[in-house]
Amino acid sequence: MRGGDEEWDEGTPERLYVITGGRSAPTENSSLDLVTLIVAKSGPTPGMQPEHAAILRMCHSPLSVAEVSAYLHLPVSVVTVLIDDLLSTGRVLARAPVAAAQLPDPALIEAVIHGLQRL
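This is a predicted model, so every value here is computed, not measured.

> Help me get a handle on the packing of helix α3 (residues 65-72) against helix α4 (residues 76-88), residues and values and all.
Viewed as axis vectors pointing N to C, α3 and α4 meet at an angle of 110 degrees, and their least axial separation amounts to 9 Å. Classified by the angle their axes make, α3 and α4 are roughly perpendicular. Both α3 and α4 take part in a crossing whose hand is right-handed. Packed against α3, whose contacting residues are Val65, Val68, Ser69 and Leu72, the element α4 presents Val76, Val79, Thr80 and Ile83 at the interface. Taken together, the residues of the contact of α3 with α4 sort by class into six nonpolar, two polar and no charged.

> I'd like a description of the nonpolar core, backed by residues and values.
Counting residues in each nonpolar core, the largest one holds 22 residues, and the members touching the most others are Ile55, Cys59, Val68 and Leu72. Looking at this core, the elements with two or more residues in it are β1 (37-40), α2 (50-58), α3 and α4. Beyond its immediate chain neighbours, meaning those up to four positions away, Leu72 contacts Glu51, Ala54, Ile55, Met58 and Val79.

> Provide a residue-level description of α2, including the pertinent values.
Here α2 lies mainly inside the structure; seven of its nine residues are buried. Among the residues making up α2, those that are buried are Glu51, His52, Ala53, Ala54, Ile55, Leu56 and Met58.

> I'd like a rundown of the sheet that holds strand β3 (residues 92-95), residues and numbers included.
Taken together, three strands build an open sheet; the order of strands is β2-β1-β3 and the sheet is antiparallel. Two strands in the sheet have a free side with no partner beyond their single neighbour: β2 (63-64) and β3. Summarising the sheet, β1 and β3 pair through four bridges and their orientation is antiparallel. From the neighbouring strand, Ala40 faces β3, where its bridge partner is Val92. Against the sheet, α4 engages β1 and β3, with an angle of about 115 degrees to β3.

> Break down unusual backbone geometry for me, with residues and values.
Residues other than glycine predominantly adopt negative phi, and peptide bonds predominantly adopt the trans conformation. The residue His73 is not glycine, and still its phi comes out positive at about 55 degrees. Looking at where His73 falls in the secondary structure, it is placed in the loop between α3 and α4. Judged by relative accessible area, which is 72%, His73 ranks as exposed.

Conventions and cut-offs
Residues numbered from 1 in each chain as written. Predicted model: local features only at pLDDT ≥ 70, side-chain atom pairs only at ≥ 80, totals over all residues. Heavy atoms only, no water. Axes fitted to C-alpha atoms, helices over the stretch in contact; angles between N-to-C directions. Helix = DSSP H or I, 4+ residues; strand = E, 2+ residues; numbered from the N terminus. Parallel < 35°, antiparallel > 145°, perpendicular 65-115°, else oblique. Left-handed = near helix turned anticlockwise from the far one by under 90°. Contact = heavy atoms within 4.5 Å. Nonpolar A, V, L, I, M, F, W, Y, C, P; charged D, E, K, R; others polar. Core = buried A, V, L, I, M, F, W, Y, C linked by side-chain atoms within 4.5 Å. Buried < 20%, exposed > 50% of the residue type's maximum accessible area, 1.4 Å probe, protein only. Pairing = 2+ DSSP bridges.

The quantities given are spatial measurements derived from coordinates; they are silent on function.
This is how it looks when you write it as structure tokens:
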């Protein structure tokens, strides 16, 4: 049990429990993963939980869930719960990262080269 003279350790499970309100995972319909990009739709408001406010401030341009976790020095599981809170209130948008460009079929490239060589 904690005495009144002990300092609050930022990395304790108790702190993480308080930050997430006791939740260990986002809602069931959440599709957040490490590379999901988060963008704030608004800024923080007075009285907002400090971690939520920090996410809104840092996500004025897109950041991945992994980046948010690293910047906040919090586990990804905690950050996904916090982001899920912000998603449910409409304060952030989550989107999949831009897919890597797919190269055209090599046969098509060869056909184009053949056609250009015949000119």
